Amino acid sequence: GGEGADTALFGAGAGDDSFVGGDGAWTDSIHIENVTGGPGFGGWTVTLADGTPITDAADHGEIVFDTAVDGIVAMSDGSEMTFESIERLSW
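So, here's what we can say about the structure. (Residues numbered from 1 in each chain as written. Predicted model: local features only at pLDDT ≥ 70, side-chain atom pairs only at ≥ 80, totals over all residues. Heavy atoms only, no water.)

Side note on the side chain of Glu87
Point 1. Structurally, the position occupied by Glu87 is in strand S7 (residues 80–90).
Point 2. Within the buried set, Glu87 has no salt-bridge partner at all; the shortest N-O distance to an opposite charge, 9.5 Å, is to Arg88.
Point 3. Of note is the side chain of Glu87, whose polar atom sits 2.6 Å from the backbone nitrogen of Asp28.
Point 4. For Glu87, the residues in contact, after removing those within four places along its chain, are Trp26, Thr27, Asp28, Ile63, Val64, Phe65 and Ala68. (Helix = DSSP H or I, 4+ residues; strand = E, 2+ residues; numbered from the N terminus. Buried < 20%, exposed > 50% of the residue type's maximum accessible area, 1.4 Å probe, protein only. Lys, Arg positive; Asp, Glu negative; His and termini not counted. Salt bridge = Lys/Arg side-chain N within 4 Å of Asp/Glu carboxyl O. Polar contact = N/O pair within 3.5 Å; in protein donor to acceptor, adjacent residues only side chain to side chain. Contact = heavy atoms within 4.5 Å.)

Next up, the structure:
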């Protein structure tokens, strides 16, 4: 991403990819397509760069972080997206 709010789309079958949200006061997001639930329960996982797993059993449809985070999204088929400086995940 660059200046402004950026959104990356990702899902199973996408292979390996990366996304850098960028700087500034904008909300940068990753939208996970074609999943059956939240991270850890819908065929995908999210792990932050510090090793913290992110899960959402309630399937809220989004997670908004207090500050920009880095990490990796892993799909059950082995597709992975590394990310830097995002504030929101949705599905």
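Anyway, onward from the coordinates.
Concerning the nonpolar core
Point 1. Ile30, Ile32, Val73, Phe83 and Ile86 are the most contacted members of the largest nonpolar core, which has 19 residues in total.
Point 2. Taken together, the elements giving at least two residues each to this core come down to strand S1 (7–11), strand S3 (29–33), strand S4 (44–48), strand S6 (62–75) and S7.
Point 3. Beyond its immediate stretch of four places on either side in the chain, Ile86 contacts Phe19, Asp28, Ile30, Phe65, Thr67, Ala68 and Val69. (Core = buried A, V, L, I, M, F, W, Y, C linked by side-chain atoms within 4.5 Å.)

Side note on unusual backbone geometry
With glycine set apart, most residues show a phi of negative sign, and most peptide bonds adopt trans.
Point 1. The phi dihedral of Asn34 falls on the positive side, at around 55 degrees, and the residue is not glycine.
Point 2. By the element assignment, Asn34 lies in the loop between S3 and S4.
Point 3. Among the residues examined, Asn34 registers a relative accessible area of 80% and is labelled exposed.

Concerning the environment of Gly13
Point 1. Counting through the fold element by element, Gly13 comes out in the loop between S1 and strand S2 (16–20).
Point 2. A relative accessible area of 65% means that Gly13 is categorised as exposed.
Point 3. Along the backbone, Gly13 and Ser76 are 63 residues apart, and their C-alpha atoms lie at a distance of 9.6 Å.
Point 4. In this structure Gly13 touches Asp77 and Ser79, once residues within four positions along its chain are discounted.

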